[in-house]
Amino acid sequence: MSGDRCQDERRESINFSNFVSNMTQHNPLDNSHVTEYLNYYCNLPDPPGFAVLLKGEWGSGKTWFIKSYCESLREKKRKYLYVSLNGVTSFSEIEEAFLQQQIPFLASKPVAIGRNLITQVLKNSLKLDVTDDTTLNLTTPSIKLTELFTNLDQSILIFDDLERCNIPLGNILGYINSFVEQKELKVIIIADEERLKKDDYKVFKEKVIGQHLAICLEFDKALENFLQGVKNQDASKLLSDNTELIQDLYQQAQCKNVRTLKQVVLNFERIFNVLPEKAKNKSELLQEILRFLVPFSIEIRSGKMLPKDIGSLLQESANMRMKIRPGFTNSDTGQNDSEGKTLQEVISKYPSLRLYDPFPSTRWWHTFFDKGILDLQELNQSLASSIYFQDENTPKWMKLWHFHHLSDDEFIILLNEVETQYLNRDTEFSDLGILKHVTGLLLYFSDIGLSSKTKEEILTSSKLFIDWLKNNNQSKLASYSVSMADSISGAYKGLGFQGAKLQEFQDFCTYLEKAQELARVEILPDLRRELLAIMQSDQWKFHDIISLNNSHDWGVPGLRYAEIPILKDIKTTEFVEGLLKLKFGHQMTIGYAIKERYKFDGNNEKLLEELDWLKCVRDSLLDEAARRKGKPSGHSLQVLIKLDLNEAIQKLEATTHRLQLSQNDTAIDN
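Remember, it's a predicted structure, so these values are computed and weren't measured experimentally.

Rules used throughout
Residues numbered from 1 in each chain as written. Predicted model: local features only at pLDDT ≥ 70, side-chain atom pairs only at ≥ 80, totals over all residues. Heavy atoms only, no water. Helix = DSSP H or I, 4+ residues; strand = E, 2+ residues; numbered from the N terminus. Buried < 20%, exposed > 50% of the residue type's maximum accessible area, 1.4 Å probe, protein only. Contact = heavy atoms within 4.5 Å. Areas by Shrake-Rupley, 256 points an atom, 1.4 Å probe, with all protein chains shown as cover. Pairing = 2+ DSSP bridges. Axes fitted to C-alpha atoms, helices over the stretch in contact; angles between N-to-C directions. Expected span 1.5 Å × (residues − 1). Core = buried A, V, L, I, M, F, W, Y, C linked by side-chain atoms within 4.5 Å. Salt bridge = Lys/Arg side-chain N within 4 Å of Asp/Glu carboxyl O. pLDDT = per-residue confidence, 0-100. Phe/Tyr/Trp six-rings, centres within 6.5 Å; stacked < 30°, edge-to-face > 60°. Lys NZ or Arg CZ within 6 Å of the ring centre and 35° of its normal.

Notes on the overall build of the chain
Here comes step 1: The secondary structure content of the chain amounts to 31 helices and seven strands.
Here comes step 2: Within the chain, the fraction of its 670 residues that count as buried is 47%.
Here comes step 3: In the chain, 73% of the contacts between residues at least 6 apart in sequence involve partners at least 24 apart.
Here comes step 4: When the accessible surface of the chain is totalled, it reaches about 33,600 Å², and 49% of it is carbon and sulfur.

Quick look at the sheet that holds strand 2 (residues 80-84)
Here comes step 1: Strand order in this open sheet of five strands is 2-3-4-1-5, and the pairing throughout is parallel. In this open sheet, the two edge strands, each paired with only one partner strand, are strand 2 and strand 5 (209-214). Pairs of neighbouring strands in the sheet enclose a mean axial angle of 15°, with direction left out of account.
Here comes step 2: Pairing of strand 3 (residues 156-160) with strand 4 (residues 186-191), which is carried by four bridges, proceeds in the parallel orientation. Looking at the pairing, L157 lines up with V187 of strand 4.
Here comes step 3: This element, helix 3 (residues 62-75), spans strand 1 (51-55), strand 2, strand 3 and strand 4 of the sheet and lies at about 160° to strand 2.
Here comes step 4: Packing of helix 7 (residues 169-181) onto the sheet brings it into contact with strand 1, strand 3 and strand 4, and relative to strand 4 it is tilted by some 150°.

Re helix 14 (residues 283-301)
Here comes step 1: With 19 residues, helix 14 ought to run about 27 Å at 1.5 Å a step, and its terminal C-alpha atoms sit 26 Å apart, in line with that.
Here comes step 2: Among the 19 residues that make up helix 14, 14 are buried, leaving the element largely enclosed by the rest of the structure.

Brief notes about the nonpolar core
Here comes step 1: Y250, F268, L285, L290, L293, F296 and W365 are the most contacted members of the largest nonpolar core, which totals 55 residues.
Here comes step 2: Secondary-structure elements contributing two or more residues to this core are helix 9 (219-227), helix 10 (233-241), helix 11 (243-253), helix 12 (258-274), helix 14, helix 16 (337-349), helix 17 (362-371) and helix 18 (376-384).
Here comes step 3: The biggest single contributor to this core is helix 14, with 10 residues.
Here comes step 4: Once you skip the residues sitting within four places of it in the chain, F296 turns out to touch M305, I310, L313, L355, P358, W365 and F369.

Considering the pattern of salt bridges
Here comes step 1: Evaluation of the coordinates by the stated rule reveals 25 salt bridges.
Here comes step 2: Between R291 and E288 there is a salt bridge, with its nearest N and O atoms 3.2 Å apart. Taken as a pair, R291 and E288 lie in helix 14 at a separation of three residues, close to a single helical turn.
Here comes step 3: By relative accessible area, which is 25% here, R291 ends up partly exposed.
Here comes step 4: A salt bridge links K615 to E653, with the nearest nitrogen and oxygen atoms 3.3 Å apart. Taken together, the residues span a long stretch of sequence, with K615 in helix 30 (residues 611-627) and E653 in helix 31 (residues 632-669) at a distance of 38 residues.
Here comes step 5: Exposure remark for K615: the relative accessible area of 25% places this residue in the partly exposed category.

Considerations on helix 17
Helical geometry: 3.6 residues make up each α-helical turn, so side chains three or four residues apart lie on a common side.
Here comes step 1: Of all 10 residues in helix 17, eight are buried; the element is thus mostly enclosed.
Here comes step 2: Within helix 17, burial applies to T362, R363, W364, W365, H366, T367, F368 and F369.
Here comes step 3: Phi turns positive one or two residues past the end of helix 17, at G372, with a value near 70°.

Re the environment of D46
Here comes step 1: As for its position among the elements, D46 is in the loop between helix 2 (32-42) and strand 1.
Here comes step 2: What makes D46 partly exposed here is its relative accessible area of 31%.

Remarks on unusual backbone geometry
Here comes step 1: Of note, the bond from F359 into P360 is cis; its omega dihedral lies within 30 degrees of zero at 10°.
Here comes step 2: You can see P360 is positioned in the loop between helix 16 and helix 17.
Here comes step 3: The phi torsion at D161 lies on the positive side, around 60°, for a residue other than glycine.
Here comes step 4: Among the secondary structure elements, D161 is positioned in the loop between strand 3 and helix 7.
Here comes step 5: Here Q254, not a glycine, exhibits a phi torsion of approximately 55°, which is positive.
Here comes step 6: You can see Q254 is positioned in the loop between helix 11 and helix 12.

Focus: the confidence of the model for the chain
Here comes step 1: With 80% of its residues at a pLDDT of 70 or more, the chain has an overall mean of 80.
Here comes step 2: Counting contacts from residues 551-558, a segment whose pLDDT is below 50, to residues more than four positions away or on other chains yields 15 contacts.

As for the environment of L73
Here comes step 1: Tracing the backbone shows L73 in helix 3.
Here comes step 2: Assessed through its relative accessible area of 2%, L73 is described here as buried.
Here comes step 3: Linking L73 and C42, residues 31 residues apart in sequence, is a C-alpha distance of 9.4 Å.
Here comes step 4: Those residues in contact with L73, other than ones at most four positions away along the chain, are R78, Y80 and I156.

So, the packing of aromatic side chains
Here comes step 1: All chains considered together, the criterion is met by 30 aromatic pairs.
Here comes step 2: On the basis of an interplanar angle of 65° and a centroid distance of 6.0 Å, the ring pair of F296 and W365 is categorised as edge-to-face. On the criterion of sequence distance, the pair formed by F296 in helix 14 and W365 in helix 17 is long-range, its members being 69 residues apart.
Here comes step 3: Look at F296 and you get buried, because its relative accessible area is 0%.
Here comes step 4: Looking at W365, the relative accessible area reads 0%, which means it is buried.
Here comes step 5: Aromatic ring contacts, followed pair by pair, group F292, F296, W364, W365, F368 and F369 into a single cluster.
Here comes step 6: In this structure, K278 is placed above the aromatic ring of F389, and the distance from its NZ or CZ to the ring centre is 4.8 Å.
Here comes step 7: Above the face of the F389 ring, K282 is positioned so that its terminal group lies 5.1 Å from the ring centre.

Given below as structure tokens:
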């Protein structure tokens, strides 16, 4: 190196040191210091002889920042060339990207420029034989496409996504270094440095990079930018007004991912658009949705939890409370300690939130994140039962469920009224979902010292209530089944069961199930006849009665068989005869109802006894279709078998196969 060059570098070193010593203190959540340094670096009159590294975690907004900075360079009419190295496999791809920026025509439609076209242009105009240069000499680049067309002098080169480049790290670093040393250009590199902890990177860093600058998530600016893409102005205003709430949850999660923030914004607008108008006007309700949307989005996207884990948060919260009790051991939870540790860490991040009891409901959030479905029926039910829409018509037990929002006097009055309803066998509690709620509430209040009654006394009263139902409303007792919401989250009418983890509550549920089994045996003939009659008179009612996808509330006692294998008790001949009497359209509705009945694998475990019955029905219909061959009615039966019965049978067979595999795995482990 010449003496003049040494003097230049020494001078730049002094200038750089003076700049750093004069830098003002900056906000750790603000990137103004980065902008300030880049302005200094890009305005240096002589080649600096080193590159600048902008580093930050994946999703922290590095690319968003540098593109904003590029916009400022463009406004100042400064020359720069930007390339993302994400997925790049050869140096030619980089040079083509530079070339297209310098000659926009090559990148525009309908030219549809690519490597082959650029090569052809060179051959035709300059009579050169251009070959791929992935084996480029790293110290002295050979003829480049960029050199053939343009002069890179005074250009600022920006290489983004270094850690995602598919060229070997040593090769791409040497290539970048050639621009710094041989071309004496200013180079900015953007990377997640944590993913570059390799020996060749360390050598390159020490040799070429003169300044490291950490990019942080500029929350306010990022949110403001994302809100520009929100079409619903009311949703945008709500998010803007709650910037502090969202940022606080981000800080609790120690999250620095700007992509997750964008997802939160988009998902909130999507949720907001389907809310009923009365809900859109309640800011507290909307804030409550945000309080759960943000942490669930962060934790699920980061891989700390899965959508299905939302239903496990209640158990893990209970396990956390149990651990502070004297004499508690890990085995008391019945869980593998490692399985729940991560979820407990998630719960601990948000001390002010009851993540295990989310609004609108556990089931709703599980469905939203797992399938991307906005379950409007569950949403409306949860809203109706929430504290935000209570009025004089709201059931007393539901107001009591929200006891945290009651004054002490209101709580005492409501508790006494609900206990009186309970002891007097109020007809409202004949709905066994409500009976479970009230029993759970009373047991929970006893457990936490808010009721003078013991849990044993409450359990005795609950069993007497079930006995009374068996004697006075046997069909109601026989027909009650746990809904899909219950099976996922332990909930009914959008509310989780209080006290669900108490042993007394489990004893109550066991007693209820046994009473139901006895009631079904006794009244089965009547239920069977009733269901066949409904199949003849109202096919969509039949659909809702046997399917989990109830679209109506018929209010008819004894008619909820989504999880009860009642079809196996209907004689095959009676069912087929009844089906054949129907018109084609009505037959197809019955077929669709049967297919929908077995839609959910988890629920099918309760219905496996119907597999043989289904096969017998199919065989009978196949025989009938054969007898009617060449007739429209015969073709209709074949369609019903193909579209509905075969799929229903396949669903049950798949469930059977899964359970068998699970049993085999368990046997091997033992």
